[in-house]
Amino acid sequence: MLKQRIITAAILLLVLLVSAVWLPAVYFRILVAAGGALMLWEWLRLTLSHTDWAVAIAALFFLALSIISVTAFPETSVQGGLQDDISLAGLVTWTASLSVLFWTFFAPAVCYRADTDRAPASMIDSVAAILIVGTTVYGLGALHHAHGAWFLVSFLAIIWSADTFAYFGGKHFGGAKLAPAISPGKTRSGAVCGLLAALIWMSATLFIDGSFAHFLAQYFPPVSVILFGGLLAVYSVIGDLFESLTKRRAGIKDSSKLLPGHGGVWDRMDSVVAVTPVVILLWLLVRHFS
């Protein structure tokens, strides 16, 4: 199982790096939009009633989003795009703000109650899915366009390092469960290892030009930048637990079977969709007030 997970993860990472680094930017945005479409389908088929129109809504929404994602950013200037379009920036600021509110208040409260016997269908969760996935897809394209592949990879590496060290740290140290009713495999020791990994990564990349941490260091003290990495690790855990709760309510182990060894796209992106809106909102606010 672990070997299959590693192989799938390596292939996904290779595809991501090729599209983000070596191919024209449009291919990266198409890849992200396609992944978002699949993730939204997995999310909505759990939180909406099982009817054909739910899948149709997801497909139509992301068909439109894909077109916007491909055409919105002019290729002539990496500094153009979202941050220079006041109306578009305002819209994304609102969607990012609502997404952050969801992950800061609603999702932790739901996970704390851990009501696993409740049916997974929820209109609030479904609307949140559209806002959050849409913000994430558009935001990843905007960050890649404005700052390049290394900035994006160094940001995503916060999530990857936190997830990886949480997994192996939990396996090694064991101990008390983090949320036994939702995800019995997760431990508090693993969560601490993931948090430390995020702090170390932010510290290691703080003075590397073009990195996410280096960008933040232009506006905030180094200590604040490092601690922000820890905050993102916390949001990463919240996104993971919320998806686990939704699956447990639906009585399934994986959001789908699309990715061998990992389950579905949402299983791989549950942390990304929780963290990205936070980063996008901060990025827009820094751009606006700087």
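About the cut-offs
- Residues numbered from 1 in each chain as written.
- Predicted model: local features only at pLDDT ≥ 70, side-chain atom pairs only at ≥ 80, totals over all residues.
- Heavy atoms only, no water.
- Helix = DSSP H or I, 4+ residues; strand = E, 2+ residues; numbered from the N terminus.
- Buried < 20%, exposed > 50% of the residue type's maximum accessible area, 1.4 Å probe, protein only.
- Contact = heavy atoms within 4.5 Å.
- Areas by Shrake-Rupley, 256 points an atom, 1.4 Å probe, with all protein chains shown as cover.
- Patch = residues over 30% accessible without salt bridge, like charges linked within 9 Å, V, L, I, M, F, W, Y side chains within 5 Å.
- Salt bridge = Lys/Arg side-chain N within 4 Å of Asp/Glu carboxyl O.
- Core = buried A, V, L, I, M, F, W, Y, C linked by side-chain atoms within 4.5 Å.
- Phe/Tyr/Trp six-rings, centres within 6.5 Å; stacked < 30°, edge-to-face > 60°.
- Lys NZ or Arg CZ within 6 Å of the ring centre and 35° of its normal.

(A) Structural view of the overall build of the protein chain. Within the protein chain, the regular secondary structure consists of ten helices and two strands. Counting across all 290 residues of the protein chain, residues that qualify as buried make up 48%. In the protein chain, 74% of the contacts between residues at least 6 apart in sequence involve partners at least 24 apart. Of the roughly 13,700 Å² that the protein chain leaves accessible, carbon and sulfur atoms contribute 72%.

(B) Structural view of a nonpolar patch on the surface. There is a patch of nonpolar side chains on the surface, built from Ile7, Ile11, Val15 and Leu31 and spanning about 320 Å² of accessible area. Per element, the largest residue contribution to the nonpolar patch is three residues, and it comes from helix H1 (residues 2–22). Mapped onto the fold, Leu31 is located in helix H2 (residues 25–47).

(C) How the structure looks around unusual backbone geometry. For Ala114, which is not a glycine, the phi torsion comes out positive at approximately 50°. Here Ala114 lies in the loop between helix H4 (86–113) and helix H5 (123–147).

(D) Here's a closer look at the pattern of salt bridges. Tallied over the entire structure, the rule returns five salt bridges. In this structure, the salt-bridge partner of Lys247 is Asp267, at a minimum N-O distance of 2.7 Å. Of the two residues, Lys247 is situated in helix H9 (residues 222–250) and Asp267 in helix H10 (residues 265–289); the sequence distance between them amounts to 20 residues. We note that Lys247, like Asp267, is buried. One salt bridge in this structure joins Lys257 and Asp254, with 3.3 Å as the shortest N-O distance.

(E) Inspection of the nonpolar core at higher detail. The biggest cluster of nonpolar side chains holds 70 residues, and the ones touching the most others in it are Trp43, Trp103, Phe155 and Phe212. Tallying contributions element by element places H10 first for this core, with 14 residues. If we skip the residues at most four places from it in the chain, Trp103 touches Trp43, Pro108, Ile132, Tyr235, Ile238, Gly239, Phe242, Val273 and Ala274.

(F) Spatial organisation of the packing of aromatic side chains. Per the stated rule, a full pass over the model turns up 13 aromatic pairs. Note on Phe155 and Phe212: the rings are 5.6 Å apart at their centroids and 55° apart in plane angle, and the pair reads as tilted. Here Phe155, found in helix H6 (residues 149–173), pairs with Phe212, found in helix H8 (residues 212–217); they are 57 residues apart in sequence, far enough to count as distant. Per residue, the accessibility class of Phe155 equals that of Phe212, and both read buried. Pairing Phe212 with Phe228 gives two aromatic rings, centres 6.4 Å apart and planes at 45°, and the pair type is tilted. Of this pair, Phe212 sits in helix H8 while Phe228 sits in helix H9, placing them 16 residues apart in sequence. The same class applies to Phe212 as to Phe228, namely buried. Sitting over the face of the ring of Trp41, Arg45 holds its NZ or CZ atom 4.9 Å from the ring centroid.

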